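Structure assessment
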Amino acid sequence: MQAPLLGALIPALGGATSLARLAGDDRAPVSSNPAQEGGGQSLHPDFATYAPGIEYFYLGNGDIQGAVQYCPGPGSESFIGLTLMDPENFCRKWSTFLFSPEHGFENTRLGVTVGNGADPEKAGMYPGVRGYAVSRDNFVRIAWEYPDGVPVVALDWNAGECGVREEFFVPDEGPLLFRRVRLTNRSSVPLAVRLSLSLYANFGLFTDIRTDEKRRTARADGLASMTLFSLDPGATVFGRYDVRVDAGRIAPGEAAERVYVYAIKKGERLLPQRAFPAVWRKTSAEWRKRNSFETGNAVLDRLYAVSRTELRSVISRSGRMDAGTWMYDMEWLGDHAMASEALLRAGFVREARLLVEKNLRDSIGPDGRTIESGRFFAYEYTEIVQNGIMMFAVWNYVCWTGDRALLRKYWPKIRLCGDFPISGYFLEPSNHLVHNRREFWERSDAHGIEDGFELAYQFWVSFGLAKGAALARLVGDAPAAARWEKASREIEETMFSDPVYRFIEDGHLIKRRTRDGRWQREAVPPDRRKLPPGSPIATEEHSYLDPDTITALPILLEMIPPGSPLAASTLRFLDGIWNQRWEGGGYPRYNVTGEDNPPAPWPLASMLVARASAAAGEYDRVWRVLEWLDRIAGRSGSWFERCAQSITPPMPPVGVVGWTWYEIINLCSHHVAGLRPEIGGLVLRPRLPDRVDALASSHNVRGALVRVGARRGAGTPRAAVDGSEVPFADGTLRIPYPRRGSVLTLEFTL
């Protein structure tokens, strides 16, 4: 679709307000909402986080965070849009820097004016001039690409016979976001092209929005500051919002490139210090230092790449990380702890230390309680799984980095964290289990959760204390080591062997038992009217607790043998909730009859089952999950916590949670490449799933570069270290850690 004289008409028609109409995108709304026709007023549909098919491409370096919205569905949300955020300050989607209450993100699209060889300064005089913006009609594709190793959101579309490529990316540091535009003449005659971009700032945040002719910038100030400018020395400004760039005459088959820059927190002052090519080279060099993983399987490689990219984008320079972007605006110690493992496995060592130290310094109270949703809870509702997860996170950090200084510095906090679950309120002396009134997914007695014993709580406390005991020996705290080893062993023995309290029924693992040992099969809320209206747990007669994907945890991290009949039976039991009340794939957290939101699949829960299945060597289930994830958001890597809208209120709007990225990265690094650093040395157990015949990966381990290659072969599995064959018994290789600064090459034939 075409519209005449776009570049000249935008300001006269209210800036980019009418961009959608001029571009011929008749599905983009002109008013906020049809309700306005009756005299009402509401926000533009872009304020909502979730819509069928919507994806977000997150960009960030700790100093700035951006999101490119792609919404191919039939709704009235902006098809393509951009917004910016300060990662140090959590927000909702409607309080991001480029959200307009009336126009959403429509006005963030690039305007391209194309003439048939006319002088760009006189473009409005020629009848052949047309104006364009990206729309559903001229869109070609959007995807992550990695030129020179740098993650770039590449958006391709057509402005008539001029091909337009927009590339969005951030440097390795600094509050800047670049929007590089490449224009290609696909016609047989010269084309004159002009670009226009608006800084249509959020009026709730910015009170002073203007252009500066002297500096050729658009600027917004208020509760924050933001600037839009171009690196083209001939750039001009127009009206209140627009920065224009003349791309000149482009010959047939030739291309021209121009670069726009968004800056927050006065970041525009940084760019003159380093020319753009130098910024690009430095950013490329930093990304090439990160870990890599390639198998030749397009789905697996893509999921790893987008997860690594998105994970880095959501952590601020100080270590702040929202548990769910535009959703929670809060932090959980457990989320940060699990993120630290994925960061180590992706090669972001500094960021991993940042999260581990922030947890130890700020998120463990004087009694050992940990912070969840930004605060402490009463004992009966405290998530003591986080204590075990934190011990595991510190152990992981020490294994991967060898950094004992951090361990010694925070040992008093670590000891508090380890002791808290097994002292006082939680521990049941008669069976050595820990009890509470809150389950792993945060339902409580209001949902019908009885005071009792949760499998996930036993697992994480036991597993974490075993790792904590190893740390205690490193710092010479023998009493803590003995205390934690004993508690860990006793919990594990009861979990799987006690005739009354073991978490096994009908040959598979179960979720929960009451204090007297009864299998709690149902949640019976005391007052269903107080639960989210319309949800299954508020309306259905029976709300079952099993199957629950937390039963995959002991398989995933091999507390029980992944190849055992118990593991196989548990995974088959979990298959009962695949596609439970929908079509298309995915596991929910648990049996949706107990759900306090509309039934929907959860990417995180699905990945727990996938990782347990990978540990068990049951790859059909792994690929089923991975292909589903790739289908619903593999293009961007922005997996929502749940794939449906929430009951809002009382629930927050559904947003993208990072934990899915952690599990994908860990699947690739832990289960496929097989890297398993331990206190005493490096353990490798690579396994090639079916559909994967080779692996090439690199890993930063204790300051050394460890290259792991594997290929499928016939005969006895073999291993070589720096070209020399070494014993490889039972598919496991144990070697000393390489010295810092060295390169170690490991090759496996499997």
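No experiment lies behind these values; they were computed from the predicted model shown.

Here's the deal with the pattern of salt bridges
According to the stated counting rule, one finds 64 salt bridges in the structure shown. Among the ionic pairs, Glu-351 bridges to Arg-350, the shortest N-O distance being 3.5 Å. For Glu-351, a relative accessible area of 5% corresponds to the buried category. When its relative accessible area of 39% is taken as the criterion, Arg-350 is described as partly exposed. Between Arg-515 and Asp-451 there is a salt bridge whose closest N-O contact spans 2.8 Å.

Section: the confidence of the model for the protein
For any part of a model where pLDDT is low, the fine detail of the predicted coordinates should not be relied upon. When pLDDT is averaged along the protein, the result is 92, and 93% of the positions lie at 70 or above. Note that residues 1-36 has pLDDT below 50 and, in this model, 83 contacts with residues that lie over four places away or in other chains.

Regarding the pairing of strand β13 (residues 217-222)
The buried fraction of β13 is high, at five of six residues. When strand β12 (residues 206-212) meets β13, the two strands line up antiparallel, connected through six bridges. Within β13, the position partnered with Thr-211 by the bridge is Ala-218. In this structure, the hairpin formed by β12 and β13 is closed by a connection of four residues, where Arg-216 is found at a positive phi of approximately 55°. Examined bridge by bridge, β13 and strand β14 (residues 225-230) share four bridges and lie antiparallel to one another. Looking at β14, one finds that Arg-219 is bridged to Thr-227. Connecting the antiparallel pair β13 and β14 is a turn made up of two residues.

What about the packing of aromatic side chains?
All told, the structure shown has 39 aromatic pairs when counted by the stated rule. Ring geometry for Tyr-58 versus Trp-326: centroids 5.8 Å apart, planes at 70°, classification edge-to-face. Residue Tyr-58 is found in strand β2 (residues 55-60), and its partner Trp-326 is found in the loop between α4 (298-313) and α5 (333-346); the two are separated by 268 residues along the sequence. Considered together, Tyr-58 and Trp-326 belong to a single accessibility category, that of buried residues. Ring geometry for Trp-460 and Phe-463: centres 6.0 Å apart, planes at 85°, overall edge-to-face. Remark: Phe-463 and Trp-460 occur in helix α10 (residues 455-475); sequence separation between them is three residues, near one turn of the helix. The burial state of Trp-460 is the same as that of Phe-463; both residues are buried. Here the aromatic residues Tyr-50, Tyr-56, Tyr-58, Trp-326 and Phe-640 are joined through ring pairs into a cluster of three or more. We note Arg-244 situated over the ring of Phe-238; from NZ or CZ to the ring centre the distance is 4.3 Å.

With respect to the packing of α4 against α5
At a closest axis distance of 11 Å, the pairing of α4 and α5 adopts a crossing angle of 115°. Relative to α5, α4 is oriented so that their crossing is left-handed. Contacts between α4 and α5 involve Tyr-304, Arg-308 and Leu-311 from the first element and Ala-342, Leu-343, Arg-345 and Ala-346 from the second.

Section: the environment of Asp-527
Structurally, Asp-527 is set in the loop between β24 (512-514) and α12 (536-539). Note on Asp-527: relative accessible area 18%, which makes it buried. With 80 residues separating them in the primary sequence, Asp-527 and His-447 have C-alpha atoms 8.3 Å apart.

A look at the sheet that holds strand β26 (residues 682-684)
The three strands are arranged β25-β26-β31 in an open sheet whose pairing can be described as antiparallel. Of all the strands in the sheet, just β25 (675-677) and β31 (733-735) have a single pairing partner and so form its edges. Between one strand axis and the next, the sheet turns through 20° on average, direction left out of account. Bridge count between β26 and β31: three bridges; the pairing is antiparallel. When the bridges of β31 are listed, Leu-684 appears paired with Leu-733.

Some details on the pairing of β14
With six of its six residues buried, β14 lies for the most part within the structure. Burial of the side chains of β14 extends over both faces: Ser-225, Thr-227 and Phe-229 are buried on one face and Met-226, Leu-228 and Ser-230 on the other. Sheet analysis places β14 next to strand β17 (residues 255-264), joined by five bridges and oriented antiparallel. Looking across to β17, one finds that Leu-228 is bridged to Tyr-262.

Notes on the environment of Leu-231
You can see Leu-231 is positioned in the loop between β14 and β15 (236-238). When the C-alpha positions of Leu-231 and Val-245 are compared, they lie 9.4 Å apart, and in sequence the two are 14 residues distant. Not counting residues within four places of it along the chain, the set of residues in contact with Leu-231 comprises Val-259, Val-261, Leu-271 and Phe-276.

Rules used throughout
- Residues numbered from 1 in each chain as written.
- Predicted model: local features only at pLDDT ≥ 70, side-chain atom pairs only at ≥ 80, totals over all residues.
- Heavy atoms only, no water.
- Salt bridge = Lys/Arg side-chain N within 4 Å of Asp/Glu carboxyl O.
- Buried < 20%, exposed > 50% of the residue type's maximum accessible area, 1.4 Å probe, protein only.
- pLDDT = per-residue confidence, 0-100.
- Contact = heavy atoms within 4.5 Å.
- Helix = DSSP H or I, 4+ residues; strand = E, 2+ residues; numbered from the N terminus.
- Pairing = 2+ DSSP bridges.
- Phe/Tyr/Trp six-rings, centres within 6.5 Å; stacked < 30°, edge-to-face > 60°.
- Lys NZ or Arg CZ within 6 Å of the ring centre and 35° of its normal.
- Axes fitted to C-alpha atoms, helices over the stretch in contact; angles between N-to-C directions.
- Left-handed = near helix turned anticlockwise from the far one by under 90°.

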